[in-house]
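Examining the three-dimensional arrangement
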Amino acid sequence: MSAVHGEGAQPHVPVMLAEVLEATQPGPGCVVVDGTFGAGGYTRAILQAGAEVIAIDRDPNAIAAGQELVAAEAGRLTLVAGRFSQMDAHVVALGRPSVDAVVLDLGVSSMQLDQAERGFSFRSDGPLDMRMEQAGPSAADVVNHLPQKDLTRVIGLLGEEKRASAVSRAIAERRKERPFTRTADLAALVEKVVKRPPRGRQIHPATRTFQALRIYVNGELNEVAEALGAAERVLRPGGRLVVVTFHSLEDRIVKRFFADRSRTRAGGSRHLPEEEVPPATFELIGRGARDPSEAEVEANPRARSAKLRAGARTEAPARDLDLSMLGVPRLAPLGDAGE
Ligand SMILES: C[S@@+](CC[C@H](N)C(=O)[O-])C[C@H]1O[C@@H](n2cnc3c(N)ncnc32)[C@H](O)[C@@H]1O
């Protein structure tokens, strides 16, 4: 996640900005989609490089805060309230058939994390909300209404929490007496079930459960996979797709997408004759993932888990997405958590 300023929080520090610009190569005459506007850190730098930007964010607060920049840029920045999974539709609606680059900086912003009333954080008490869009079922709805077995899958798969069954059992017992409404209340219950790790590994016991709920409430993994497909459809040949991820679940999706789309030979598969490998839609930029420099991690610890992957679009036609091949887990629909 980029560090983006909230009330009384640290100033905004976009993550891996130099590497993002190097991979994106924005310049005069280019149109770039910034799918995760946030506090506009990437967008500002891309505008400074001379490109036009179509920026998207699903958080109404980010859109409101960006209006000053829209006014200052006099037509070079268009800010869209919406989801990056639908970026191709947004771009076409703006009268553009294609774009030169797409950048994505996944996850939540510090602006979202640092404001207790958004309910993303177990460190400061707030309503159990976590909705980036500020609409639809909240984390409280999920915790209070999702069937226990579905809650176990969500916490286990999206939080990679080994004690998922014990956590969801404790939640199910407690909610019979009194529903959860606050982040601190849930964090305290999780802390009782998942003991503090021995000294050395200092992550809060509720970290994984909160990550799982956030990803589930916002459908984040489906969004990432769908966004890669949308970028494939909207990039011109030669156009660049640059993605910064912050945890292994989202990085796995991006890695598998690029591996699949850049494959030119059947490789190890004896099941797929050579001629049946569809033409590659991307050429990889760089080998594997790029990490932030040590100096960046030292200056901004929030950059430590970042990974950047990038590719350049070929002329081959876009393909259908296979969500299970990309590693997107199948979970109970979020609507099942509604009241
Ligand atoms: C890590 S921040 C981006 C920070 C930005 N790069 C900067 O430098 O200021 C991620 C932003 O993406 C937004 N976001 C997350 N998922 C989204 C989605 N599916 N569609 C649109 N915006 C999304 C969040 O609301 C948040 O503002």
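Residues numbered from 1 in each chain as written. Predicted model: local features only at pLDDT ≥ 70, side-chain atom pairs only at ≥ 80, totals over all residues. Heavy atoms only, no water.

A short note on the pattern of salt bridges
Selection rule: For this document, the term salt bridge refers to a Lys or Arg side-chain nitrogen within 4 Å of an Asp or Glu carboxyl oxygen. Only runs of H or I of at least four residues qualify as helices and only runs of E of at least two qualify as strands under DSSP, and these elements are numbered from the N terminus.
Taken as a whole and judged by the stated rule, the model has 21 salt bridges. The partner of Glu52 in a salt bridge is Arg96, and the shortest N-O contact between them spans 2.6 Å. Residue Glu52 is found in strand β2 (residues 52–57), and its partner Arg96 is found in the loop between α5 (87–93) and β4 (99–105); the two are separated by 44 residues along the sequence. Note that Arg76 is salt-bridged to Glu73, the shortest N-O span being 3.0 Å.

Observations concerning helix α9 (residues 164–177)
What counts here: Helix span, expected: 1.5 Å multiplied by one less than the number of residues in the helix. Burial classes follow relative accessibility: with a 1.4 Å probe on protein chains only, a residue under 20% of its type's maximum area counts as buried, one over 50% as exposed, and anything between as partly exposed. Throughout, a contact is declared for two residues whenever any of their heavy atoms are within 4.5 Å.
The end-to-end C-alpha distance of α9 is 21 Å, a good match for the 20 Å that 14 residues give at a rise of 1.5 Å each. What α9 keeps buried is the set Ala164, Ala166, Val167, Ser168, Ala170, Ile171, Ala172, Arg174 and Arg175. Of the surrounding elements, those touching the buried residues of α9 are α7 (139–145), α8 (148–159), α10 (183–193) and α11 (207–217).

Topic: the domain arrangement of the protein chain
Worth spelling out the cut-off: An automatic or database domain assignment supplies the residue ranges for each domain. The term buried area refers to how much accessible surface (probe radius 1.4 Å) is lost by two components on association, counted for both of them together. Between N or O atoms, a polar contact is any pair within 3.5 Å; within protein, one atom must be a potential hydrogen donor and the other a potential acceptor, and residues adjacent in sequence are included only when both atoms are from side chains. Three classes are used: nonpolar for Ala, Val, Leu, Ile, Met, Phe, Trp, Tyr, Cys and Pro, charged for Asp, Glu, Lys and Arg, and polar for all others, with Gly counted as polar.
The assigned domain composition of the protein chain is domain 1 (3–110 + 220–313) and domain 2 (133–217). Once you take the C-alpha centre of each, domain 1 and domain 2 turn out to be 30 Å apart. Summed over both partners, the interface of domain 1 with domain 2 comes to about 920 Å²; 44% of that surface belongs to carbon and sulfur atoms. Connecting domain 1 to domain 2 are three salt bridges. Linking Glu133 and Arg83 is a salt bridge whose minimum nitrogen-to-oxygen distance equals 2.8 Å. Counting across the domain 1 and domain 2 interface gives seven residue pairs in polar contact (both at pLDDT 80 or more). Of all the secondary-structure elements, those providing two or more residues to the side of domain 1 that touches domain 2 are α3 (60–65), α12 (220–234) and α13 (248–262). A class-by-class count of the residues in the side of domain 1 that touches domain 2 yields four nonpolar, four polar and four charged.

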